[in-house]
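One-letter residues, chain by chain:
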Amino acid sequence: MKKKDENRDEINNHPFLNWLEVAYKKTMLSYRKLRAEEIEKLEKAGNQAEDWKVIEISDDVALEKIKGSSFSGKVLLHGNSDEKQELMPGFFHNCGIYNSRINNGIINMKALVLDCNLVSGYIVEEGCCLFANGPIIYQSRPKAIGCQLSPGNETGGREIILWPDIDFYYAEKSLVKAWSFTELQRVQQNLKSYLSNIKDDFGIIGSHSKLIKNKMIRNSFIGESSFVEAVEMIQDSVIFPSSAMAVKMKQGVIVDQAMIQGGCSVESHCIIEKSLLCEASGVSRHGKVSQSVLGPNTHVAEGEVTASFVGPFVGFHHQSLLISAIWPEGKGNIAYGANVGSNHTGKSPDQEITPGEGCFYGLGCNIKFPANYSSSPYSLFATAVLTLPQKIDFPFSLIQQAVFNDAAIPSAYNEIKPGWVFHQNAYLIYRSVNKFRNRNKAPSYCLEAEILRDEIIEKVFKALVMLESPLEIRAYYTSEQLQGLGKNFMTESSRKQGIESYCFILALFALRQYWKHFSMIQKGSFIFPKESPVPLLFNRFGFDAQAPKELLLSYLSYEKAFLEGIIESRDRDFLRGRKIFDDYDRVHDSLDKDEVIIAAKNDFTAIEKKVTECLGLN
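Caption draft 1: Quick peek at the overall build of the protein chain. Along the protein chain, the regular secondary structure elements total 13 helices and 49 strands. When the backbone C-alpha atoms are referred to their principal axes, the protein chain occupies close to 100 × 65 × 65 Å. Across the 618 residues of the protein chain, 56% fall into the buried class. Across the protein chain, contacts joining residues at least 24 apart in sequence account for 45% of those joining residues at least 6 apart. Approximately 27,400 Å² of the protein chain is accessible, and the part contributed by carbon and sulfur atoms is 49%. Charge separation in the protein chain, taken as the distance between the mean sites of 69 positive and 74 negative side-chain charges, equals 0 Å.

Following this line, the structure appears as structure tokens:
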């Protein structure tokens, strides 16, 4: 993930506090006590109060819009509107308070409160619609504010403190404890100051929010434009205010001590406990998230996530398990039946996993802890694989069950094929980049869409060096002969293919970087910085920086080869499918209609046109 501000190391953005301040200011009006004739009018309309003396109104309140309701404690009413609120699609009702019980609160009469069991301790802002709810009660500050999570090792050591304005970058930096001692002191002091500035005399139901037929809402802030329908319980939580990115919660969900940021979707009987859901993330279809952080654009459906820090764009759409994962890079997938969660040794739950960026855990795999795959981005763990505790250092790998037996290879070892994903499934690589570019719904987060970038290339280069390092050529290798393989074996043919794949990746990256800066290089206004891997790669592959025509022709050939790899990897699906289903072509669009392939072809055509123009000028 790109950082919007690499130097940001403290709490310096307070939209939640600002929202609270504005909400309180909007209630600072001129109120007066009810007159005798007004009390009589209210009582004739079926209203009652424990003590009318503590019910105060502003002069613009229309008392005829208060019917069949009861009041207790101090209640302030203000505002008036002739608009109607939409209860459900096609059904409208005048603003006001009807058949409801209000206790100790401030109600804007430009909202609608209808058939509510109890609304206590809340500021209800303009444009809200509260219909047929059970108790909505605010008694104390939500416990989610200042709540401490322990992702990864459940016995502690990677604590994150939640606060309403926390963002993913800040949470990630807290997780890895990247603070210096001085920074940590400043952060702790700022956090203490922030928490002390939270006004919590009342809960707030933000403007234009809609709360329909909910069983219980307790000690929670409901941000503006939120849609909350038929939930079982929201307790001690903060739904972040964002009119541009409303939160949607519905259908039997339970939310306890959670921070739910803008654009999130929480529905279908899911359970969220002591967790942070970052922008545009979501949980649905009985999913369970506990003691965890979900990054932007990550969605959990049906499965369980516990004590994990999950980065952006992770797909989690079936019954599966993820426990104690430190996965800030995200962008991966958890398939049906995957069990990524052996964090308990029988002594204590102190084991964890660091999946690499873009890792894919296949159907029914079982991943034993401790496990470190951070140096193996975009690797694929095949169906039913059972892995041993290990560290793997080979990006774009396939880890699959052994297809042959040898007495010299431990029976529990799997086979690893370094670089296989890029060589055999280029479609996946391009599709992922295309998805990251086009589907980011979290505007506050600058997601890095490109896969071939410096930090990934560094891992690929190290892996290439290891593949070229064996002292003797063998039929197969384990970690005794070649570092980085973990508890797996690799064949000689896979080693050769891995070298070929990694060389292609590195050369493609170097040529892309050259093309990216070509115009400035030609003008003599750009030199690759010392930390850039490009000069080293140019030297490795014999690219002549003084021969731009040859370099551009090489660049085109590599991009064309990548495009061909994308098409070939998708075509293999068709070849296999036709052998299995007679009507495969009838129910599947042809390759020419595949959206990913169309986009890849368009990208190549655009590159080819621009490069050709440059070659013509030279």
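From this point, the discussion proceeds with the structure in view.
Caption draft 2: Structural view of helix H1 (residues 15-25). Turning to H1, its buried residues are Phe16, Leu17, Trp19, Leu20, Ala23 and Tyr24. The buried side chains of H1 occupy one side of the element, clustering within an arc of 155 degrees when seen end-on. Where H1 is buried, its residues touch strand E12 (122-124), helix H4 (181-196), strand E17 (203-205), strand E20 (221-222) and strand E23 (238-239).

Caption draft 3: Region of interest: the side chain of Ser308. One can find Ser308 in the loop between strand E32 (304-306) and strand E33 (309-310). A distance of 3.2 Å separates a polar atom in the side chain of Ser308 from the backbone nitrogen of Ser324. Among the polar contacts listed, one links the side chain of Ser308 to the backbone nitrogen of Ala325, at a separation of 3.0 Å. Beyond its immediate stretch of four places on either side in the chain, Ser308 contacts Pro151, Gln291, Ser292, Val293, Leu322, Ile323, Ser324 and Ala325.

Caption draft 4: Spatial organisation of the pattern of salt bridges. Evaluated as defined, the whole model comprises 32 salt bridges. For Glu40, the salt bridge is made with Lys44, and the minimal N-O distance between the two is 3.5 Å. Taken together, the positions of Glu40 and Lys44, both in helix H2 (residues 36-44) and four residues apart, correspond to about one turn of that helix. What makes Lys44 exposed here is its relative accessible area of 68%.

Caption draft 5: Up close: the packing of helix H6 (residues 426-438) against helix H11 (residues 548-580). Relative orientation of the contacting elements H6 and H11 amounts to 110 degrees, with a least axis distance of 7 Å. Between H6 and H11, the angle falls in the class roughly perpendicular. Contact residues: Ala426, Tyr427, Ile429 and Tyr430 in H6; Phe562, Gly565, Ile566, Ser569 and Arg570 in H11. Its residues placed into classes, the contact of H6 with H11 shows six nonpolar, two polar and one charged.

Caption draft 6: Spotlight on the packing of helix H8 (residues 492-516) against H11. Where H8 meets H11, the closest approach of the two axes is 9 Å, and the angle between their N-to-C directions is 125 degrees. Regarding the angle of H8 to H11, the classification is oblique. As for the relative orientation of H8 and H11, their crossing is left-handed in sense. Residues Phe504, Ala507, Leu508, Leu511, Arg512, Tyr514 and Trp515 of H8 form the contact with H11, whose participating residues are Pro548, Leu551, Leu552, Ser554, Tyr555, Tyr558, Glu559, Ala561 and Phe562. Grouping the amino acids of the contact of H8 with H11 by side-chain chemistry returns 13 nonpolar, one polar and two charged.

Caption draft 7: Representation of the pairing of strand E6 (residues 84-88). Two strands pair when backbone bridges link them, and E6 and strand E7 (residues 91-94) are joined in this way by four bridges, in the antiparallel orientation. Residue pairing in the sheet places Lys84 in a bridge with Asn94 of E7. Here E6 folds back onto E7, and the loop between the two strands holds two residues, one of which, Gly90, carries a positive phi near 90 degrees.

Caption draft 8: How the structure looks around the sheet that holds strand E45 (residues 390-391). Across the sheet, three strands lie side by side as E39-E42-E45; this open sheet has parallel pairing. Strand pairing shows two members of the sheet lacking a second neighbour, strand E39 (353-354) and E45, which therefore form its edges. Both E39 and strand E42 (residues 371-372) contribute to a ladder of two bridges, which runs parallel. Paired with Thr354 across the two strands is Asn372, which belongs to E42.

Caption draft 9: Quick peek at the pairing of strand E25 (residues 254-260). Buried residues dominate E25, accounting for six of its seven residues. Pairing analysis gives three bridges linking strand E22 (residues 233-235) to E25, with the strands arranged parallel. Bridge pairing in E25 links Ile234 to Val255. Of the pairings in the sheet, the one linking E23 to E25 comprises two bridges and is parallel in character. Bridging across to E25, Val238 finds its partner in Met259. As paired elements, E25 and strand E27 (residues 271-277) share six bridges and run parallel to each other. The partner of Ile260 across the bridge, within E27, is Leu277.

Conventions and cut-offs
Residues numbered from 1 in each chain as written. Predicted model: local features only at pLDDT ≥ 70, side-chain atom pairs only at ≥ 80, totals over all residues. Heavy atoms only, no water. Helix = DSSP H or I, 4+ residues; strand = E, 2+ residues; numbered from the N terminus. Buried < 20%, exposed > 50% of the residue type's maximum accessible area, 1.4 Å probe, protein only. Contact = heavy atoms within 4.5 Å. Areas by Shrake-Rupley, 256 points an atom, 1.4 Å probe, with all protein chains shown as cover. Lys, Arg positive; Asp, Glu negative; His and termini not counted. Charge placed at Lys NZ, Arg CZ, Asp CG, Glu CD. Arc of directions from axis to C-beta. Polar contact = N/O pair within 3.5 Å; in protein donor to acceptor, adjacent residues only side chain to side chain. Salt bridge = Lys/Arg side-chain N within 4 Å of Asp/Glu carboxyl O. Axes fitted to C-alpha atoms, helices over the stretch in contact; angles between N-to-C directions. Parallel < 35°, antiparallel > 145°, perpendicular 65-115°, else oblique. Nonpolar A, V, L, I, M, F, W, Y, C, P; charged D, E, K, R; others polar. Left-handed = near helix turned anticlockwise from the far one by under 90°. Pairing = 2+ DSSP bridges.

Structural measurements only, silent on function.
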